[in-house]
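Chains, contacts and geometry: an overview
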Amino acid sequence: MLRGFWKLTWVETKVFLREPLGVIGSLGIPVIIFIVLGRAQGSRTLGNEAMGEAPFNLPILAALFIALGAAVSLVAIISLYREGGFLKRLRATPLSPVTILGAHVFVKLVLTVVGLALLTLVGRRFLPGAMDVDLLSFTAALLLSTVSILSLGFVIASLVPTARFAQPIGTGLLYPMIAVSGLFFPLEQLPPAIRVVAYGLPTTHAVSLMQGVWDGAGWGAHWVSVVALILIFGVCTGLSTKVFRWE
Amino acid sequence: MPSPVMTVSHLGKRYGSTVAVKDVSFDIQPGEIFGLIGPNGAGKTTTMECVEGLRRPDRGQITVLGLDPQRDAAELRTRIGVQHQEAHLQKRIKVWEAVDLWASLYAEVADTDVLLSQLGLNAKRNAWFVNLSGGQKQRLFIALALIHGPEVLFLDELTTGLDPQARHAIWDLIRHIRDRGTTIFLTTHLMEEAERLCDRVGIIEHGELIEIGTPAALVAKHCPERSVIFTSDEPDVAERVQSVPAVTSVEHNGSTYTLRGEGEDFVTDVINAIAHQSIRIKGFRTETPTLEEVFLKLTGHGFRD
Ligand SMILES: Nc1ncnc2c1ncn2[C@@H]1O[C@H](COP(=O)(O)OP(=O)(O)OP(=O)(O)O)[C@@H](O)[C@H]1O
Ligand SMILES: [Mg+2]
């Protein structure tokens with residue numbers, strides 16, 4: 001069924017690119033946030049050596065926006081396809097359910113990489129020094145984070161009642177996670193109850209892993225974040241197979 | 001007699017506390033067009049989806065092409081074609097992309113160019129799904145269902161919302177597909193469709209199959225009454241035809257007479273009587289009940305839940 005997987009991936013990519021709002025939301029907004037805030041912060045403070053002066057790490061924020069945008073778009077697409085009977089229609093073909101959803105995840109991961117590449121290019125052009133990081137390692141950290149966040153997206157997609165509410169519910173549940181991710185202030189400052197919640201969210205571990213990579217630490221030093229992201233992926237995937245609705 | 005393509009026996013399916021299908025049993029023979037008719041919510045779609053293997057029945061046995069739709073789902077999916085009620089594709093997928101995607105899902109596929117032109121979709125190859133008319137969407141769904149040359153085709157309300165031209169074109173197409181050896185299981189709300197297209201129909205109500213047979217047999221069984229309507233200016237016509245044995249009632253309105261009766265010889269007897277009595281008539285027609293009358297008689301009038 002590999003042929004079906006690639007065909008579906010390719011078709012979904014084309015269909016996505018024809019949706020102007022989707023492209024702006026998933027790629028345009030993170031890049032705009034990156035440039036506008038980067039200009040405001042002053043590009044000098046963004047470099048590796050000056051991190052201490054910046055209020056928060058802007059590239060990580062932009063990267064998180066890319067990952068969360070991908071998840072919101074996934075929630076919207078899945079609920080739209082479910083409501084239109086498209087998921088059910090595909091299930092009546094030899095494609096396996098895993099292949100169908102896997103193609104969607106794959107498209108979102110490619111989109112994430114494209115988004116990061118855009119950030120890098122834009123950063124090099126407009127915010128010198130802003131993207132000074134081991135790009136390979138950072139990309140890997142972002143991809144792992146995205147996979148984990150997307151799996152949470154599947155759980156949310158199973159819960160939204162109708163496609164009309166998918167976008168607002170997805171946005172309302174996913175984006176606020178940034179606030180308690182440790183990006184803006186240390187987790188220790190949070191009330192204990194909220195801190196517990198924060199540790200259960202993929203964004204928190206995503207920030208800690210990406211910050212670690214940013215600071216030049218090896219992955220070994222951040223194995224807790226890696227394990228946490230994988231664990232969240234496992235739990236959410238397990239939960240999705242129980243609660244996912246095809247129609 | 002060849003063995004049936006599918007056998008459904010004592011199928012039962014509920015959603016929570018709603019009993020969608022109570023007890024449904026029927027067979028479909030090879031090369032047959034079988035139609036399920038019934039009011040809204042009667043359980044047609046549920047029955048069909050259990051047969052396709054998309055829903056797990058609570059009770060009963062189903063065999064399709066010798067396969068168990070649940071256990072042998074993977075093999076069954078390569079051998080059946082499915083068109084769902086109210087389906088959609090991605091809004092901005094192009095017609096050729098949808099066909100190409102579907103073609104990539106099966107090991108053996110028909111010539112997609114031929115298929116598209118047979119369905120009159122060639123001019124729309126590059127159109128987005130959202131920009132197709134209702135009839136074009138339906139034809140695309142039929143194309144997708146036919147792409148792998150399925151042995152059994154499932155069609156859930158395939159002509160709902162189409163204009164008469166499109167409907168007739170699709171009926172011709174379905175007959176053509178059947179003539180090539182495909183067995184067809186469809187549901188419909190259009191009695192005209194059931195009567196013209198189906199070899200046999202099953203009438204389902206509240207999850208139970210209440211009648212099954214050829215349209216003609218069902219009409220003969222439940223609505224055997226025929227009418228002869230003619231006009232004549234001659235005097236005492238009513239009295240002169242009253243004596244025909246098969247006639248049960250005679251009504252007249254001015255010069256128009258309506259004779260009702262039952263039995264195969266009724267119309268012949270009336271004609272003979274008219275000829276015998278040398279009644280001069282100006283107009284003559286007969287009325288035979290249709291499947292629609294049978295349907296309304298068996299399922300009652302008024303709205304359903
Ligand atoms: N997914 C579902 N969840 C809960 N109830 C359902 C579901 N699908 C159908 N039902 C209920 O089961 C009953 C049978 O529905 P079904 O769709 O099989 O009817 P139908 O004969 O196809 O009707 P229609 O002519 O309107 O398409 C209805 O009462 C319906 O409300
Ligand atoms: Mg239905």
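Residue and element names in this part refer to chain B. The environment of ligand 1 is formed by 14 residues, the closest being Gly 41, Lys 44, Thr 45, Thr 46 and His 189. A distance of 2.8 Å is found between an oxygen atom of ligand 1 and a side-chain nitrogen or oxygen belonging to His 189. Its free accessible area being 640 Å², ligand 1 has 67% of it covered by the protein chains. Within the residue set of the shell around ligand 1, elements represented by two or more residues are β2 (18-28) and α1 (44-52).

Residue and element names in this part refer to chain A. Close contact between helix α3 (residues 58-83) and helix α6 (residues 135-159) brings their axes to 9 Å; oriented N to C, the two are set at 35°. In the packing of α3 onto α6, the handedness of the crossing is right-handed. Here Ile 60, Ala 63, Leu 64, Ala 67, Leu 68, Ala 70, Ala 71, Leu 74, Val 75, Ile 78 and Arg 82 of α3 come into contact with α6, specifically with Phe 138, Leu 142, Thr 146, Ile 149, Leu 150, Gly 153, Phe 154, Ile 156, Ala 157 and Ser 158.

With that settled, the discussion passes to the interface of chain B and chain A. Each partner contributes residues to the interface: chain B has 27 residues there, and chain A has 24 residues. Between the two partners, chain B and chain A, sit six salt bridges. Here Glu 19 of chain A ties to Arg 92 of chain B by a salt bridge, and the two come within 3.3 Å at their closest N and O atoms. Connecting chain B to chain A are 12 residue pairs in polar contact (both at pLDDT 80 or more). For the side of chain B that touches chain A, the secondary structure elements donating two or more residues are α2 (73-79), α3 (95-103) and α5 (134-146) of chain B. A total of six residues in the side of chain B that touches chain A trace back to one element, the largest contributor, which is α3 of chain B.

Our focus in this paragraph is the side chain of Gln 138 of chain B. Position of Gln 138 of chain B among the secondary structure elements: in helix α5. Those residues within four positions of Gln 138 of chain B in sequence are excluded, and the remaining contacts are Gln 83, Glu 157, Leu 158, Thr 159, Thr 160, Leu 162 and Ile 170 of chain B.

This next bit is on the coordination of the magnesium ion (ligand 2). All names here are of chain B. Coordination of the magnesium ion (ligand 2) by the protein is provided by Thr 45 (OG1) and Gln 85 (OE1), with metal-donor distances spanning 1.9 to 2.2 Å. With Thr 45 in helix α1 and Gln 85 in the loop between β5 (80-83) and α3, this residue pair connects regions lying 40 residues apart in the sequence. Judged by its relative accessible area of 23%, Thr 45 is partly exposed. The partly exposed category is assigned to Gln 85, whose relative accessible area is 28%.

It is worth spelling out the domain arrangement of chain B at this point. According to the domain assignment, chain B contains domain 1 (6-220) and domain 2 (224-285). For domain 1 of chain B and domain 2 of chain B, the distance between their C-alpha centroids amounts to 45 Å.

Residue and element names in this part refer to chain B. Relative to strand β12 (residues 256-261), strand β10 (residues 226-231) runs antiparallel, the two sharing six bridges. If you follow Val 228 over to β12, its bridge partner there is Leu 259. Hairpin connection between strand β11 (residues 247-253) and β12: a loop of two residues separates the two successive antiparallel strands, and Gly 254 in this loop has a positive phi of roughly 65°.

What follows covers unusual backbone geometry. Residues and elements named next belong to chain B. With a phi close to 50°, Leu 65 is a non-glycine residue in the positive phi region. Positionally, Leu 65 belongs in the loop between β4 (59-64) and α2. In this model, His 206 sits at a positive phi of 45°, which is unusual for a non-glycine residue. Its place among the elements puts His 206 in the loop between β8 (200-205) and β9 (208-213). Classification of His 206 as partly exposed rests on a relative accessible area of 42%.

This part covers a nonpolar patch on the surface. Residue and element names in this part refer to chain A. A surface patch of nonpolar side chains, amounting to about 520 Å² of accessible area, comprises Leu 2, Trp 6, Phe 106, Val 110, Val 114 and Leu 118. Mapped onto the nonpolar patch, the elements with two or more residues apiece are α1 (2-17) and α5 (97-126). With respect to the helices, strands and loops of the structure, Val 110 is situated in helix α5.

All names here are of chain B. Taken together, four strands build an open sheet; the order of strands is β11-β12-β10-β13 and the sheet is antiparallel. Only two strands of the sheet have a single partner each, and these edge strands are β11 and β13 (283-287). Each adjacent strand pair in this sheet contributes to an overall mean axis angle of 15°, direction not counted. Across six bridges, β11 lies against β12 in antiparallel orientation. Of the residues in β12, the one forming a bridge with Glu 251 is Thr 258. Along the sheet face, helix α10 (residues 266-276) touches β10, β11, β12 and β13 and points at about 25° away from the line of β10.

Under the definition given, this model contains 16 aromatic pairs over all chains. Relative to Trp 102 of chain B, the ring of Phe 86 of chain A has its centre 6.3 Å away and its plane inclined at 50°; by these criteria the two rings are tilted. Taken together, the positions of Phe 86 of chain A in helix α4 (residues 86-91) and Trp 102 of chain B in helix α3 put the pair across two chains. The buried category is assigned to Trp 102 of chain B, whose relative accessible area is 0%. Within the aromatic cluster, the residues linked to one another by ring pairs are Phe 26, Phe 34, Phe 154 and Phe 185 of chain B. The ring centre of Phe 126 of chain A lies 5.1 Å from the NZ or CZ of Arg 125 of chain A, which sits over that ring. Over the face of the ring belonging to Phe 129 of chain B we find Lys 137 of chain B, whose NZ or CZ atom lies 5.1 Å from the ring centre.

Residues and elements named next belong to chain B. Within the fold, Leu 173 resides in helix α6 (residues 164-179). On the accessibility criterion, Leu 173 (13% relative accessible area) is buried. Linking Leu 173 and Leu 119, residues 54 residues apart in sequence, is a C-alpha distance of 8.0 Å. Leave out the neighbours within four places in its chain, and Leu 173 touches Gln 118, Leu 119 and Ile 142.

So, on to the environment of Ile 60 of chain A. Residues and elements named next belong to chain A. The residue Ile 60 is located in helix α3 in this model. Given the relative accessible area of 0%, Ile 60 is considered buried. Sequence separation between Ile 60 and Leu 183 is 123 residues, and the spatial gap between their C-alpha atoms is 8.2 Å.

Cut-offs applied
- Residues numbered from 1 in each chain as written.
- Chains lettered and ligands numbered in written order.
- Predicted model: local features only at pLDDT ≥ 70, side-chain atom pairs only at ≥ 80, totals over all residues.
- Heavy atoms only, no water.
- Near = heavy atom within 4 Å.
- Polar contact = N/O pair within 3.5 Å; in protein donor to acceptor, adjacent residues only side chain to side chain.
- Areas by Shrake-Rupley, 256 points an atom, 1.4 Å probe, with all protein chains shown as cover.
- Helix = DSSP H or I, 4+ residues; strand = E, 2+ residues; numbered from the N terminus.
- Axes fitted to C-alpha atoms, helices over the stretch in contact; angles between N-to-C directions.
- Left-handed = near helix turned anticlockwise from the far one by under 90°.
- Contact = heavy atoms within 4.5 Å.
- Salt bridge = Lys/Arg side-chain N within 4 Å of Asp/Glu carboxyl O.
- Donors = N, O, S within 2.8 Å, 3.2 Å for Na, K, Ca; no water.
- Buried < 20%, exposed > 50% of the residue type's maximum accessible area, 1.4 Å probe, protein only.
- Domains from an automatic or database assignment.
- Pairing = 2+ DSSP bridges.
- Patch = residues over 30% accessible without salt bridge, like charges linked within 9 Å, V, L, I, M, F, W, Y side chains within 5 Å.
- Phe/Tyr/Trp six-rings, centres within 6.5 Å; stacked < 30°, edge-to-face > 60°.
- Lys NZ or Arg CZ within 6 Å of the ring centre and 35° of its normal.

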